[in-house]
Amino acid sequence: MTTETGIGTKEPVVRLRGVSKEFPGVLAVDGVDLDILPGEVHVVAGENGAGKSTLMKLLSQVERPSSGTVELAGEPVEYHGPGHAQHLGVAMVYQEFALAPDLSVAENLYLGREPGRFGFVNRGKEMEEAGGLLRRVGLNVGPRRLVAGLTVAEMQRVEIAKALAIDAKVVIMDEPTATLAEREIEDLFGVIKALTDDGIAILYISHRLDEIFRIADRVTVMRDGKVVDTLPISELDEDKLVRLMVGREIGNLYPKPDVDVGDVLLRVSGVKRGEKLKDCSFEVRAGEVLGFAGLVGAGRTELARAVFGADRVDGGAVELEGRKLKIKKPQDAIEAGVGYLTEDRKGEGLALQLGVDQNITLANLPMTRGLISLKEEGRIARKRRDELNIRTPSIRRRVQVLSGGNQQKVVVARWLETEAKVLFFDEPARGIDVGAKAEMFGLIGDLAQEGRGIVLISSYLPELLNMCDRILVMREGEVAGVIGREEFSEERVIALATGTGEAA
Amino acid sequence: MTEGTANGTTRGNALRDRLSDFVSQIAAAGALIVVFVFLSFASPDFLTADNLFNIGSQTAVVAVIAVGMTLVIITAGIDLSVGSVAALAGVMGALLMSSVGLPMPLAALGGTLVGAACGLTNGLLVSVAGLNPFIATLGMLSVARGIVYIATDAQSVFGLPDSFRLLGQGVVAGGIPIPVVIIIAVAIAGYVVLSRTRLGRYAYAMGSNLEAARLSGIPIRRYLTSVYVISGALAGFGGMIAASRVASGQPNYGIGLELDVIAAAVIGGASLFGGQGTVVGTLIGAFLIALIRNGAVLLNVNTFYQQVIIGVIIWIAVFWDQYRRRKLASASE
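Numbering of residues begins from 1 in every chain and follows the order in which that chain's sequence is written. Chain A is the first chain written and ligand 1 is the first ligand written, with later ones labelled in order. For this predicted model, a pLDDT threshold of at least 70 governs which residues receive local features, and a threshold of 80 or more governs which side-chain atom pairs are given and counted, while totals over whole chains, interfaces and linings are taken from all residues. Hydrogens and water are ignored here; the side-chain numbers use all heavy atoms of the structure.

S.K.: What should I look at first to understand the overall build of chain A in this one?
M.R.: Strands are runs of DSSP state E lasting at least two residues, helices are runs of H or I lasting at least four, and both sets are numbered from the N terminus onward. A tally of helices and strands in chain A yields 17 helices and 22 strands. The C-alpha atoms of chain A give 25 Å as radius of gyration, which agrees with the globular expectation for 504 residues (23 Å, within 12%). Across its three principal axes, chain A shows a C-alpha extent of roughly 70 × 50 × 45 Å. Think of it in three bands: with a 1.4 Å probe and only protein chains considered, a residue is buried below 20% of the maximum accessible area for its type, exposed above 50%, and partly exposed in between. Within chain A, the fraction of its 504 residues that count as buried is 55%. Across chain A, every contact between residues at least 6 apart in sequence was considered, and the portion connecting residues at least 24 apart equals 66%. Computed by Shrake-Rupley with a 1.4 Å probe, the accessible areas treat only the displayed protein chains as cover when residues are assessed. Of the roughly 21400 Å² of accessible surface on chain A, 47% is carried by carbon and sulfur atoms. For a compact globule the rule gives 2.2 Å times the number of residues to the power 0.38, and the radius of gyration it is set against comes from C-alpha atoms. A contact between two residues is defined here by any heavy atoms of the two lying within 4.5 Å.

Given below as C-alpha cells:
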C-alpha cells in the first residue's frame with residue numbers, strides 16, 4: 001500500500017518541533033520532532049512505555065505539551081482540550097471506543113454537534129448525512145441501528161466515520177487491529193487506503209510487526225520518549241525495526257527447547273457447548289507445546305475455558321494422567337492440576353489493586369492454623385520473583401503499576417504455585433514488549449522442559465509455528481485438523497482455519 | 001516504567017508501598033486529631049472521662065456495624081439494609097426477653113442471628129440471584145423495616161430485664177464502658193479476618209477483579225454470601241447494643257443509620273469501587289463522625305449543621321479516593 005509518489009514534496013499537515021511532556025518524575029515524551037504528510041500512513045512504533053500513547057494524547061489535546069511547538073497545516077496549535085483538537089481536524093480512534101451504546105449510529109456520529117437549530121435536532125438531515133459517511137467507511141448498517149447491536153469491527157467503523165464527520169485531516173488510530181479478526185483487518189486496511197487517497201493522514205500506533213509492513217508508508221520508532229528514527233518502510237526490514245524499537249539485539253524470539261515428548265497428560269473428548277463448541281477432542285502430552293490456531297471466533301478460547309471449567313458445557317470428558325475429572329468450575333480444574341492464563345490479563349487475570357505477592361498466592365494461599373502465613377507468602381513471592389525475573393520495586397507493590405510483561409509473569413507465577421501440570425496460555429504475548437515476549441516464550445519452553453503440558457493459543461502464526469510441537473486448528477467451533485511439526489506451514493494452517501483447499 | 005533490578009529490593013520502596021496503603025487513613029487520622037485538639041480547647045466539658053466514655057459508647061453501634069460494612073464495600077458491594085436490620089434485631093431480641101423470657105445473652109445472640117439471617121438473604125440475592133448489591137439491600141431495607149412494624153404494631157417493646165442494660169450501659173474494670181470493650185473486640189476480630197484469613201483476602205480479590213478471583217478457583221458465591229452474613233450479623237449485634245442503651249426495642253431505630261456507617265467506612269479509605277478498605281480506617285471514620293456530633297452538642301451548634309459537616313467530609317473523602325485512583329491509573333500506563 002506504499003504510495004511513494006509525492007511524499008517529500010507536500011507540506012506536512014502536522015509538524016512537531018522539540019515537543020516534550022513531563023509527568024512528575026517521568027519525561028514521557030522527550031524533544032520529539034515529527035512531520036506527518038497528508039495522505040500518508042505514518043506508523044509510530046515502539047515498546048510499551050516508549051511514549052507513543054502520550055504523543056497521541058498531545059496531538060488529540062488530552063494532554064498539553066510541557067514544551068515545544070505543535071503546528072497544524074502551518075498554524076501553531078492552541079490547547080483547549082480534545083474538543084478543540086477535533087475542531088482543528090485531529091480525530092482519535094481509541095482502542096476502547098467512545099460510543100454511547102444505547103444511541104443510534106447516526107446519533108453517535110453527531111453527538112455534541114447535532115445538526116439543527118434552537119436546541120432541536122434535524123433528524124432527517126442527521127440520517128441523510130450519516131448514511132453518506134457510513135458508505136465512505138464501507139459500513140453496511142443503517143444509521144438508525146443501535147450501536148449496542150454492532151460488532152466490534154462495526155463499532156470501529158463508526159468511530160472512523162466520526163472522524164470523517166468532523167472533516168478530520170489527521171486520524172489517529174491506537175492499535176486498531178487489536179480486537180479484529182483477520183478478514184476484518186483486511187477490510188480496515190482497505191478503508192484506511194480510501195481515506196489516504198482522499199488526502200487524510202493516518203497516524204497509526206502499533207507494535208505488530210506484520211501489519212506495520214503491510215500498511216505503513218513511513219515509520220517513526222520511539223524509545224524512552226525520544227524519536228529514534230523516521231524511515232520510509234522500504235528502508236526497513238523486520239530485524240532492523242525490532243533493533244530500533246528495543247535498542248539492542250534480541251536473540252531468538254522463540255527459543256523452543258528440544259524436549260522428548262512423554263505420555264499423554266490431558267485427554268479431552270467430545271466437548272460440546274451450544275453453537276460455540278461442537279464435539280471437540282484433543283490431547284496434550286508431557287513436555288509438549290500444543291498450539292491452538294484458528295480465526296477469531298473459531299472457538300479456541302472457548303475450548304480452553306470449557307476444559308478449565310470457566311464456562312458451562314453441554315457434554316464432554318476430561319482425563320488427566322488417565323484419571324477422569326469432573327470439572328464444573330475453575331476450582332475443580334485447579335485442584336486437578338490444570339491452569340488457564342486468560343487472554344485479557346487486566347480484565348480477567350489480575351486483581352490490579354492487590355500486591356504482587358497477593359496476586360501470586362491468590363489461587364493457593366499458604367495457610368497455617370487457619371490463618372494466612374504472611375511470612376510464607378513473602379517467601380513464595382520472592383522466590384517466584386527471582387525465578388521468573390519479575391521486575392518490581394518490591395513484592396508488595398500493586399500489580400497495577402507493573403509493565404505488561406511483568407504483569408504477565410505474575411499471572412504465570414500464580415499458576416506455577418498451583419503446581420499445574422497442564423497450562424493453557426491464551427495469547428500470552430498480546431500487549432507486551434518484544435523483549436518481554438522473548439522472555440515469555442523462553443519461559444513457556446522451560447515449563448515444557450519440566451514435563452508440563454502446554455497449550456498455546458495465538459492469533460499470530462509465527463508464534464505457533466516456532467513454539468509448538470503440534471498445532472490444532474479450529475474452525476467454527478470444530479477441530480478442523482491437527483498438524484505435526486514436520487508438516488508445519490503457514491498455508492496449511494490457514495487452509496484448515498478457513499476451510500479452503502481441504503486437500504492440502 | 002522503571003525497570004528496577006529484580007533482586008535490589010529497596011527498603012524505601014517497601015516502606016512507601018506500606019505507606020501508600022495508609023495514606024487515606026493518615027488523612028482521616030489527621031482530621032480526627034485536629035478535631036480532638038480543637039474540641040479540647042473549645043469546650044471544657046470535652047476532655048473529661050465521662051464525656052470520652054460517652055463518645056465511646058455512642059460510637060459502638062456505628063463502629064461495630066461499620067466493620068461489617070467495610071468487608072462488604074471491599075467486595076465492591078454495599079449494604080443499605082443495616083439500619084433496618086439493626087432495628088429488626090433490636091426488636092426481636094427485646095421480644096425474646098419480654099415475651100419468650102429468654103435470658104439476656106441468649107436474646108442478644110438471637111438478635112444477632114436475626115441480623116445474620118437478613119444478611120444471608122442479602123448475600124443469596126447478590127451472589128446467586130445476581131442482583132446488584134444496591135438493589136438487593138435496598139429491598140431488605142424496606143422488608144426488614146416492614147417486618148419490624150408488623151411484629152410490633154409500631155409500638156416500642158418494653159419490660160426488659162435490668163441485666164440487658166449491661167450491653168450498652170455497663171462498665172468493666174475501672175469504669176471502662178462495655179461498648180468500648182466491644183468495639184475493641186470487634187475491631188481486632190475484623191482486623192484478623194481482613195488481613196489473615198481466606199475470607200478477607202478473597203474479599204479484596206473479589207472487589208478488585210471478580211472474574212480473576214473466579215478463574216483463580218475462589219468459590220465466589222460462598223465467600224460473597226458470607227460477607228453479607230457477617231454484615232447482617234454485626235448489624236444485628238449493633239441493634240442489640242442500641243436497644244440496650246435505651247432499654248427497649250424501638251421500631252423506629254436506625255432510620256438513616258446506614259449513611260453514618262457507610263460514611264465511616266468511606267472516610268476511613270474504603271473504596272466503593274472495591275478492593276480497598278481497612279478496619280483501622282473505618283474506626284477512625286466512625287470516631288471522627290462521633291466527635292463532630294459530640295462537639296456540635298457541647299458547643300451548642302445547631303444539630304442540623306452536623307449533617308452538613310458530615311456530608312462535606314464524605315465528599316472530601318471520596319474525592320480524595322478518586323484522585324488517588326486517577327494518579328495510580330496514569331502512573332501505570
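Having seen it, we continue.
S.K.: Would you take a moment to explain the sheet that holds strand S1 (residues 14-23) of chain A for this structure?
M.R.: Sheets are built from strands that pair by backbone hydrogen bonding, the pairs being arranged parallel or antiparallel. Residues and elements named next belong to chain A. The pairing criterion is simple: DSSP has to find at least two bridges between the two strands. Strands sit in the order S2-S1-S4-S5 across an open sheet of 4 strands; the sheet is antiparallel. Each having just a single partner strand, strand S2 (26-36) and strand S5 (75-76) make up the two edges of the open sheet. Of the pairings in the sheet, the one linking S1 to S2 comprises 7 bridges and is antiparallel in character. Following the sheet pairing, Leu16 is matched in S2 by Leu34.

S.K.: Quick question: what am I supposed to make of the pattern of salt bridges here?
M.R.: Here the idea is simple: oppositely charged side chains can pair when their charged atoms come close. When a carboxyl oxygen of Asp or Glu is within 4 Å of a side-chain nitrogen of Lys or Arg, the pair counts as a salt bridge. Under the defined criterion, the tally for this structure stands at 34 salt bridges over all chains. A network of salt bridges, in which partner residues are shared, links Arg273(A), Arg305(A), Asp311(A), Glu348(A), Glu211(B) and Arg214(B).

S.K.: What is the right way to look at unusual backbone geometry in this model?
M.R.: Leaving glycine aside, a negative phi is the common case for residues, and trans is the common case for peptide bonds. With a phi close to 55 degrees, Glu419(A) is a non-glycine residue in the positive phi region. Mapped onto the fold, Glu419(A) is located in the loop between helix H14 (404-417) and strand S19 (422-426). For Glu419(A), a relative accessible area of 60% puts it in the exposed group. Although it is not a glycine, Ala76(B) adopts a positive phi angle of roughly 70 degrees. Take Ala76(B): its relative accessible area is 35%, and that puts it in the partly exposed class.

S.K.: I would appreciate a short explanation of the sheet that holds strand S20 (residues 453-457) of chain A in the present structure.
M.R.: Residue and element names in this part refer to chain A. Taken together, the 6 strands give an open sheet; going across it, the order is S16-S19-S20-S13-S21-S22, and neighbouring strands pair in mixed fashion. Across the chains shown, the open sheet's two edge strands, defined by having one partner strand only, are strand S16 (338-341) and strand S22 (478-484). Across this sheet, the average inter-strand angle for adjacent strands is 20 degrees, counted without regard to direction. Pairing geometry for strand S21 (residues 470-475) and S22, over 6 bridges, is antiparallel. Bridging across to S22, Ile471 finds its partner in Ile483. Geometry is summarised by axes, namely lines fitted to C-alpha atoms with helices restricted to the contacting stretch, and by angles between N-to-C directions that run from 0 to 180 degrees. Most of the contacts of helix H9 (residues 300-308) go to S16, to which it runs at about 145 degrees, and overall it touches strand S13 (289-294), S16, S19, S20 and S21. Together, S16 and S19 form the strand contacts of H14, whose direction differs from that of S16 by roughly 170 degrees.

S.K.: Would you take a moment to explain empty space enclosed by the protein for this structure?
M.R.: Where empty space is left becomes clear once a probe the size of a water molecule has been rolled over the atoms. Residues and elements named next belong to chain B. Cavities and pockets are defined on a 1 Å grid built over the protein atoms alone: a cavity is a set of grid points where a 1.4 Å probe fits but cannot escape, while a pocket is an open set with protein on both sides within 12 Å along at least five of seven lines, and lining residues are those with an atom within 4 Å of any such point. Grid points are joined across faces, edges and corners, and a volume is the space filled by probe spheres set on the points. Under the criterion given, the structure shown has 7 cavities of 30 Å³ or more. Empty space within the largest cavity amounts to approximately 60 Å³. Lining the largest cavity we find Ala86, Ala87, Gly90, Val91, Gly239, Ala242, Ala243, Val246, Ser248, Gly249, Gln250 and Tyr253. Counting residues per element, the ones that place at least two in the lining of the largest cavity are helix H3 (82-100) and helix H10 (220-246). Under the scheme applied here, ten amino acids are nonpolar (Ala, Val, Leu, Ile, Met, Phe, Trp, Tyr, Cys and Pro), four are charged (Asp, Glu, Lys and Arg), and all others, including Gly, are polar. A per-class count over the lining of the largest cavity returns 7 nonpolar, 5 polar and no charged.

S.K.: What am I meant to see in the domain arrangement of chain A here?
M.R.: In many reports, interface size means the accessible area that the parts give up when they come together. Domain borders in the structure are assigned automatically or taken from a domain database. Each assigned domain of chain A is listed here: domain 1 (14-246), domain 2 (263-337 + 422-430 + 453-504) and domain 3 (343-419). Computed from C-alpha coordinates alone, the two centres of domain 1 of chain A and domain 3 of chain A are separated by 36 Å.

S.K.: Mind showing me how you'd approach the side chain of Arg300(A) here?
M.R.: Residue and element names in this part refer to chain A. Of note, Arg300 is situated in helix H9. Of the side chains with opposite charge, Glu427 lies nearest to the buried Arg300, which makes no salt bridge, at 4.3 Å. Counted as a polar contact is a pair of N or O atoms within 3.5 Å, where, for protein atoms, one must be capable of donating a hydrogen and the other of accepting one, and residues adjacent in sequence contribute only when both atoms are in side chains. In terms of polar contacts, Arg300 uses its side chain to reach the backbone carbonyl oxygen of Gly294, at 3.3 Å. The residues touching Arg300, leaving out its near neighbours within four places in the chain, are Phe292, Ala293, Gly294, Leu295, Glu427, Ile457, Ser458, Ser459 and Met474. Here Asp and Glu are counted as negative and Lys and Arg as positive; His is not counted, and neither are the chain ends.

S.K.: Where do I start with the packing of aromatic side chains in this structure?
M.R.: Each aromatic ring pair is described using two quantities: the centre-to-centre distance and the angle formed by the ring planes. Residues and elements named next belong to chain A. The rule is short: rings of Phe, Tyr and Trp, with Trp giving its six-membered ring, pair when the centres are within 6.5 Å, and they are stacked under 30 degrees, edge-to-face over 60, tilted in between. Using the criterion set out here, one finds 8 aromatic pairs over all chains in the structure. Plain terms: the ring middles of Phe189 and Tyr204 are 6.4 Å apart, the flat faces sit at 65 degrees to each other, and that makes the pair edge-to-face. Of this pair, Phe189 sits in helix H6 (residues 182-197) while Tyr204 sits in strand S8 (residues 201-205), placing them 15 residues apart in sequence. This pair shows no difference in class: Phe189 is buried, exactly as Tyr204 is. With a centroid separation of 6.4 Å and an interplanar angle of 70 degrees, the aromatic rings of Phe292 and Phe424 are classed as edge-to-face. Separated by 132 residues along the polypeptide, Phe292 in strand S13 and Phe424 in strand S19 bring together distant segments of the chain. Pairwise contacts between aromatic rings join Phe282, Phe292 and Phe424 into one cluster.

S.K.: How do you make sense of the side chain of Ser104(A) when you look at a structure like this?
M.R.: Mapped onto the fold, Ser104(A) is located in the loop between strand S6 (90-93) and helix H3 (105-109). Once residues within four sequence positions are removed from consideration, Ser104(A) is found in contact with Met127(A), Pro143(A), Arg144(A), Arg145(A), Leu146(A) and Val147(A).

S.K.: Teacher, can you tell me more about the confidence of the model for chain A here?
M.R.: Predicted coordinates in regions of low pLDDT should not be interpreted in detail. The predictor attaches a confidence to each residue, called pLDDT, with possible values from 0 through 100. Per-residue pLDDT for chain A has a mean of 88; in total, 96% of the residues score no lower than 70. Note that residues 1-7 of chain A has pLDDT below 50 and, in this model, 15 contacts with residues that lie over four places away or in other chains.

S.K.: Would you take a moment to explain a nonpolar patch on the surface for this structure?
M.R.: Residues and elements named next belong to chain B. On the surface, a nonpolar cluster with roughly 590 Å² of combined accessible area is contributed by Ile33, Phe36, Val37, Phe41, Leu47 and Leu52. Looking at the nonpolar patch, the element that brings in the most residues is helix H1 (residues 11-42), giving 4 residues. Counting through the fold element by element, Ile33 comes out in helix H1. A patch consists of residues whose relative accessible area exceeds 30% and which take part in no salt bridge; residues with like charges are grouped when within 9 Å of each other, and nonpolar side chains (Val, Leu, Ile, Met, Phe, Trp, Tyr) when within 5 Å.

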